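Remarks on the overall topology
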There are 2 protein chains.
Amino acid sequence: MPTRKPRNAFYAQSGGVTAVINASACGVIETCRKHKSRIGKVYAGRHGIVGALTEDLIDTSKEPAASIRALRHTPSGAFGSARYKLKKIEDNPAQYERLIEVFKAHDIGYFFYNGGGDSADTCLKVSQLAEKLGYPIQAIHVPKTVDNDLPITDCCPGFGSVAKYVAVSIREAGFDVASMAKTSTKVFVMEVMGRHAGWIAAAGGLASEKAGDAPHIILFPEITFDEERFCARVQECVEKYGYCAIVVSEGVKNSDGKFLSDAGLRDAFGHAQLGGVAPVIAQLIKSKLNYKYHWAVADYLQRAARHIASKVDVEQAYALGKAAVDLALKGHNSVMPTIVRTAHKPYKWKLGIAQLTDVANQEKMLPRDYITEDGFFITAKARRYLSPLIQGEDYPPYKNGLPQYVKLRNAPVRKKIRKTFVV
Amino acid sequence: MPTRKPRNAFYAQSGGVTAVINASACGVIETCRKHKSRIGKVYAGRHGIVGALTEDLIDTSKEPAASIRALRHTPSGAFGSARYKLKKIEDNPAQYERLIEVFKAHDIGYFFYNGGGDSADTCLKVSQLAEKLGYPIQAIHVPKTVDNDLPITDCCPGFGSVAKYVAVSIREAGFDVASMAKTSTKVFVMEVMGRHAGWIAAAGGLASEKAGDAPHIILFPEITFDEERFCARVQECVEKYGYCAIVVSEGVKNSDGKFLSDAGLRDAFGHAQLGGVAPVIAQLIKSKLNYKYHWAVADYLQRAARHIASKVDVEQAYALGKAAVDLALKGHNSVMPTIVRTAHKPYKWKLGIAQLTDVANQEKMLPRDYITEDGFFITAKARRYLSPLIQGEDYPPYKNGLPQYVKLRNAPVRKKIRKTFVV
C-alpha cells in the first residue's frame with residue numbers, strides 16, 4: 001500500500017476570547033503532535049477564519065513544546081481571534097472557492113474551529129465543502145463561549161472561569177461594602193457580561209451561601225426591569241443587612257424592551273451613549289433612595305481572568321480540544337465534542353458528540369426555573385447546575401509577582417498563492 | 001509588689017478597607033493574646049472610632065483562635081470601618097471626655113488604630129489624652145491605605161495588593177484586546193483608584209515588561225490631561241501594536257483643574273454626573289479616532305481582591321499589626337510602626353518607627369521622576385520601587401470553588417455606661 005504524506009490541520013479561534021480558549025488550542029495541538037503519522041502540521045489561522053481567507057497562516061510546528069504547554073495557562077486567543085461570519089455557500093461561492101484554494105495549497109485535511117454559536121455555523125459551512133464542492137475535509141467545532149449558550153453540551157469552556165471570577169469578586173466586594181456601610185457606601189453594583197442570557201449574572205449568586213451574604217439581588221436579562229419593585233428590594237436589604245450588593249447583567253431591559261444601558265447615559269453634550277448599566281442602576285438608587293453607592297464594570301477583566309480560572313473549566317477546555325482531534329482521527333466530520341454531565345454531586349462528566357446542524361445558530365437560554373419567582377435571585381436548581389463549574393483553582397506560574405503568560409512566535413507559513421483576497 | 005490586672009486594648013479599623021487590613025488585625029490580636037500578663041482583652045470598636053464613642057465594643061476574646069487566624073486571609077474590615085474624623089480637643093472637648101469615659105469603664109490602656117492619614121490624626125489626638133486630659137493611654141497607629149500616601153513608611157499595607165490586582169488585570173485584559181483588535185476592539189481603558197495620587201495607576205505599568213506589552217498608556221492625576229497629545233499617542237499605539245491598553249486614574253484632571261469624570265457624564269435628563277472617567281476617555285477615543293473600545297471600572301474589586309493579594313503586602317500588614325503591640329509593650333505612645341526598605345533587589349525590609357506628629361495629615365505624593373517625561377508611563381525608578389511590593393502570592397483557602405473568608409461572631413461587650421452618645 002502506498003504511503004501518503006499525512007494531511008495538515010487548520011486551527012483557528014473565533015469570536016470573543018476567554019481565559020481558557022488557549023487551553024483548547026493546547027489540547028488540539030498537543031494531540032495532533034502525538035499523531036504525526038496521521039496529521040501533518042497544525043497551521044493556525046491568524047485572526048480566525050480571516051487567516052484562512054487571506055492565506056495568513058501560522059506554523060505552530062515552530063513553537064517549542066513548552067510554549068504550546070504554556071497555552072494551557074494563558075488567557076486570550078494566542079493566534080488572534082475574529083468576529084467574521086461566512087455567508088451561505090450559495091450567496092458567496094467565491095469565499096468558499098478561496099478557502100478551498102488555500103486549503104488545497106497547504107494540503108489542509110482537518111479543520112478545527114474554536115468558537116461559539118456563530119462560529120459553529122462557520123464550521124458547519126466548511127464541513128459542507130466536501131459534499132457541496134468536492135473538497136475532502138473534516139471540520140470539527142471546538143466549543144467556547146463565556147455566554148454558555150451553546151446547545152447540547154452541558155456547559156461551554158470559558159463560562160466556568162467567568163462564573164468563578166464573578167462569584168469571587170462579588171463575595172469580596174460584598175465583604176468590603178459590609179465594612180463601610182455604617183458611615184459610607186451602602187450599595188454596590190457590579191455589572192457583568194451576558195447581553196442575551198443571564199448565565200453569567202446567575203453565577204454571581206453562588207457567592208451567597210446563607211441569608212444575608214452578598215449578592216442580595218441579581219438583575220437578569222430574562223426579567224423585565226421593574227424600577228419600583230427593585231428599589232423596594234434594595235431598601236429592604238439595606239434595612240435588614242445594613243447594605244446591598246447587586247449583580248447586574250449588561251443585558252437588562254426595561255418594559256419597552258430597551259437595554260437600560262442604552263436608555264441611560266449621554267455625554268455632557270447630550271449625544272452618544274457610552275454603555276454601562278451599572279452607573280444607571282447606581283444613579284437610580286441614589287435618586288430614589290439616597291444611598292451612597294459604588295459601582296464596578298468588570299468588562300474584559302472577567303473573561304480574561306486566567307489568574308482565577310476554574311480548574312474544571314481548564315480541564316474541560318483542554319479535553320474538548322483533544323476530543324476534537326480524536327473525533328477527526330475516527331473519521332468524523334461536521335461534529336462538535338460536548339460535555340455530558342453524569343452526576344451533580346460529586347460532579348462527574350464525560351465527553352459526548354453533537355452534530356453541527358443541531359448546534360449552529362441555536363442559543364441555550366437560562367431556564368426560568370433557575371431564577372426565583374420574584375426575579376431577583378437564583379434557585380437551588382440553578383445552584384446545583386452552576387456550582388460544579390467553578391470548582392478548583394488552576395493557578396498560572398508567576399514571575400516578578402505577575403502571571404507568566406506565553407506570547408507565541410507565530411511564525412508565518414510561506415504564502416503559496418499570488419492572488420490576494422480582501423475580507 | 002502588688003499585681004494589677006492588665007489593662008485592656010482597643011483596636012479599630014478606619015477609612016476605606018483593603019484586602020489586608022484584617023491581616024493587621026490578626027497581627028494585633030494574636031500578639032496581644034501572647035502577652036496576657038501585660039494586656040487583658042482586646043476590644044474592637046464596631047465601625048472604627050464610632051464604636052468607642054457609642055460604647056459599641058466587640059469582645060474579640062470570644063473568637064476562637066482559628067477565626068482570628070483566618071483574618072489573615074480575609075479582605076475588608078472584620079469589625080466594620082468608618083469614615084469619621086475627631087475634631088480638635090479644644091473644639092469638641094465633649095467628644096474626648098466621652099472617649100475617656102468609655103475607656104475608663106472598660107479599662108482601656110492601649111489604643112491601636114488601623115488606618116490612613118486621617119486616621120493617624122485621630123490616633124494622634126487620642127495619644128494626647130494622657131498629656132492634655134490626664135487619662136493614661138498609649139495610642140499606636142497601624143498604617144493602612146491603598147493610596148500608599150502615608151509619609152515616612154516606605155509603603156502602606158493594602159497598596160501592594162491593589163498594585164498586584166491592577167498589574168495582573170491590565171496584563172490579562174491586554175492579552176484579550178490584542179486577540180480581538182484585528183476585527184473588533186482596538187482600545188481598552190481600565191479605571192483605577194487614586195483620586196489624589198497616581199500610585200495605583202503607576203502600578204499598572206509593572207505589567208509591561210517589554211516594548212509593546214500592555215499597558216501602553218497610563219494617565220496620572222499628577223499630569224494635566226491633554227486631549228490632543230493623548231489621542232495622538234493612542235493612535236500611535238494602535239498603528240504600531242495593533243491595539244492600545246490604557247490605565248487611567250480616577251483622579252485625572254483637565255487644564256481647568258477639574259476631574260475628567262465630573263466633566264463627563266449626564267444622565268438622559270441632563271442632570272447628575274455618575275462618576276467614572278473610563279467611559280469619558282473611551283468616548284473621546286471613539287469620537288476622535290473612531291476605534292472600537294471597551295472599558296472597565298474596577299472600583300472596590302481592586303481593593304477587596306484578597307484572592308490575588310501580594311504576599312509581601314500580607315506579610316507586612318501582619319508584621320505592622322504585631323509591631324504596634326510590641327511598641328506598646330515597650331512603653332511607646334503616639335507612634336506608628338513603619339516599613340523601612342533596606343535593599344531593592346533582592347528586596348529587603350525591616351520595621352521602623354515614626355512619630356505620629358510627623359505622620360498625621362501628611363500626603364506622600366508620587367515623585368515626578370516616577371513618571372516619564374512625556375507623562376504617559378512610569379520610569380525605571382518607579383519600577384524599582386513598585387516591583388517588590390507585588391511579589392509573591394498568598395492564596396486564601398477555597399471551598400466549593402470560592403475563597404473561604406471568615407465572618408466573626410463580633411459578640412458585643414456589655415455596656416457599662418447608661419448615657420448614650422450621638423455621633
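Predicted model only: the values in this text are computed from it and were never measured. (Residues numbered from 1 in each chain as written. Chains lettered and ligands numbered in written order. Predicted model: local features only at pLDDT ≥ 70, side-chain atom pairs only at ≥ 80, totals over all residues. Heavy atoms only, no water.)

Remarks on the packing of aromatic side chains
Residues and elements named next belong to chain A. In the structure shown here, the tally under the stated rule is 28 aromatic pairs over all chains. Where Phe10 meets Phe103, the ring centres are 5.8 Å apart and the plane angle is 50 degrees; that geometry is what we call tilted. With Phe10 in strand E1 (residues 8-13) and Phe103 in helix H4 (residues 93-105), this pair connects stretches of sequence that are 93 residues apart. As far as the burial class goes, Phe10 and Phe103 line up, both buried. With 5.3 Å between their ring centres and 10 degrees between their planes, Phe10 and Phe111 make a pair best called stacked. A residue pair is termed long-range when its members are at least 10 positions apart, and Phe10 in strand E1 and Phe111 in strand E4 (residues 108-115) qualify at 101 residues. The class for Phe111 is buried, based on a relative accessible area of 0%. (Phe/Tyr/Trp six-rings, centres within 6.5 Å; stacked < 30°, edge-to-face > 60°. Helix = DSSP H or I, 4+ residues; strand = E, 2+ residues; numbered from the N terminus. Buried < 20%, exposed > 50% of the residue type's maximum accessible area, 1.4 Å probe, protein only.)

Looking at the relation of the copies chain B and chain A
Note on the copies: chain B fits chain A at an RMSD of 0.0 Å, the axial shift is 0.0 Å, and the rotation between them is 180 degrees. Given the turn and translation reported, the copies of this chain are related as if by a two-fold rotation axis. When the interface residues of chain B are mapped onto chain A, 100% of them again fall at the interface, so both copies present the same face. (Least-squares fit on C-alpha atoms with pLDDT ≥ 70 in both. Contact = heavy atoms within 4.5 Å.)

Comments concerning the interface of chain B and chain A
Across the contact, 78 residues belong to chain B and 78 residues belong to chain A. Counting across the interface, chain B meets chain A through four salt bridges. As a salt-bridge pair, Asp213 of chain A and Lys407 of chain B come within 2.8 Å of each other at their nearest N and O atoms. Where chain B meets chain A, there are 31 residue pairs in polar contact (both at pLDDT 80 or more). Of all elements in the fold, only helix H7 (159-180), strand E6 (187-192), helix H10 (260-264), strand E9 (265-267), helix H11 (278-289), strand E10 (293-297), helix H12 (300-304) and strand E14 (402-403) of chain B reach the threshold of two or more residues within the side of chain B that touches chain A. Here the side of chain B that touches chain A gets 13 residues from one element, more than from any other, and that element is H7 of chain B. (Salt bridge = Lys/Arg side-chain N within 4 Å of Asp/Glu carboxyl O. Polar contact = N/O pair within 3.5 Å; in protein donor to acceptor, adjacent residues only side chain to side chain.)

Let's talk about the environment of Glu101 of chain A
Residues and elements named next belong to chain A. When you line up the elements, Glu101 lands in helix H4. Among the residues examined, Glu101 registers a relative accessible area of 27% and is labelled partly exposed. Placed 34 residues apart in sequence, Glu101 and Tyr135 show a C-alpha to C-alpha distance of 9.7 Å. Every residue in contact with Glu101, bar those within four places of it in the chain, is listed here: Ile417 and Lys419.

Some words on the pairing of strand E11 (residues 335-344) of chain B
Residues and elements named next belong to chain B. With nine bridges connecting them, E11 and strand E12 (residues 347-355) associate as antiparallel partners. Of the residues in E12, the one forming a bridge with His344 is Tyr347. In this antiparallel pair of consecutive strands, E11 and E12, the connection spans two residues. (Pairing = 2+ DSSP bridges.)

Regarding the pairing of strand E2 (residues 39-45) of chain B
Residue and element names in this part refer to chain B. When you tally the buried positions in E2, you get five out of seven residues, the bulk of the element. As judged from the four bridges shared by strand E1 (residues 7-13) and E2, these two strands associate in the parallel manner. Within E2, the residue paired with Arg7 across the bridge is Ile39. At this point the chain moves from E1, through helix H1 (residues 21-33), to the parallel E2, and the crossover so formed is right-handed. (Right-handed = clockwise from strand over helix to strand, strands pointing away.)

What to know about the pattern of salt bridges
Inspection of the entire model under this criterion finds 46 salt bridges over all chains. Here Lys164 of chain B and Glu393 of chain B are joined by a salt bridge, their closest N and O atoms 2.7 Å apart. Taken as a pair, Lys164 of chain B in helix H7 and Glu393 of chain B in the loop between helix H15 (380-386) and strand E13 (398-399) lie far apart in primary sequence, 229 residues in all. Residues participating in the shared-partner salt-bridge network are Arg4, Arg7 and Asp107 of chain A.

With respect to the nonpolar core
Formed by 172 residues in total, the largest nonpolar core has its most connected members in Leu71 and Phe112 of chain A together with Leu71, Phe79 and Phe112 of chain B. With residues near it in sequence (within four places) discarded, Phe112 of chain A still touches Ala9, Phe10, Tyr11, Ala12, Val28, Cys32, Ile140, Ala324, Val325 and Ala328 of chain A. Ranked by size, the runner-up nonpolar core spans 54 residues in total, among them Val248 of chain A together with Phe225, Cys237 and Trp295 of chain B. (Core = buried A, V, L, I, M, F, W, Y, C linked by side-chain atoms within 4.5 Å.)

What about the side chain of Gln138 of chain B?
Residue and element names in this part refer to chain B. Within the secondary structure, Gln138 is located in strand E5 (residues 138-143). Note on Gln138: relative accessible area 17%, which makes it buried. Ignoring any residue separated from it by four or fewer positions in sequence, one finds Gln138 in contact with Gly109, Tyr110, Phe111, Ala328, Gly331, His332 and Asn333.

Digging into the packing of H1 of chain B against helix H13 (residues 311-329) of chain B
All names here are of chain B. Viewed as axis vectors pointing N to C, H1 and H13 meet at an angle of 40 degrees, and their least axial separation amounts to 7 Å. As H1 packs across H13, the resulting crossing turns out to be right-handed. Across the interface between the two elements, Ala23, Ser24, Cys26, Gly27, Val28, Glu30, Thr31 and Cys32 of H1 pack against Val314, Ala317, Tyr318, Gly321, Lys322, Val325 and Asp326 of H13. Residues that form the contact of H1 with H13 fall into these classes: eight nonpolar, four polar and three charged. (Axes fitted to C-alpha atoms, helices over the stretch in contact; angles between N-to-C directions. Left-handed = near helix turned anticlockwise from the far one by under 90°. Nonpolar A, V, L, I, M, F, W, Y, C, P; charged D, E, K, R; others polar.)

Focus on the confidence of the model for chain A
Confidence in the prediction for chain A averages 94 pLDDT; 96% of positions are at 70 or higher. This model gives residues 267-273 of chain A a pLDDT under 50, and the stretch forms 17 contacts once residues within four places in sequence are excluded. (pLDDT = per-residue confidence, 0-100.)

Examining helix H5 (residues 117-127) of chain A
Residues and elements named next belong to chain A. The element H5 is largely enclosed, with a buried count of ten among its eleven residues. Of the positions making up H5, those classed as buried are Gly117, Ser119, Ala120, Asp121, Thr122, Cys123, Leu124, Lys125, Val126 and Ser127. Where H5 is buried, its residues contact helix H2 (49-53), H4, E4, helix H6 (129-133), strand E5 (138-143) and helix H14 (356-359).

Structural notes on the environment of Gly116 of chain B
All names here are of chain B. Here Gly116 lies in the loop between strand E4 (108-115) and helix H5 (117-127). Since its relative accessible area comes to 8%, Gly116 is described here as buried. Each C-alpha atom, one on Gly116 and one on Asp149, is 8.0 Å from the other, the two residues being 33 residues apart in sequence. Not counting residues within four places of it along the chain, the set of residues in contact with Gly116 comprises His141, Lys144, Thr145 and Leu150.

What about unusual backbone geometry?
Residues and elements named next belong to chain A. For the peptide bond that leads from Lys345 to Pro346, omega is 0 degrees, which places it in the cis range. Residue placement: Pro346 occurs in the loop between strand E11 (335-344) and strand E12 (347-355). At Asp107, a residue that is not glycine, the phi angle is positive and equals roughly 50 degrees. Mapped onto the secondary structure, Asp107 falls in the loop between H4 and E4. Even without being glycine, Asn148 reaches a positive phi, approximately 60 degrees.

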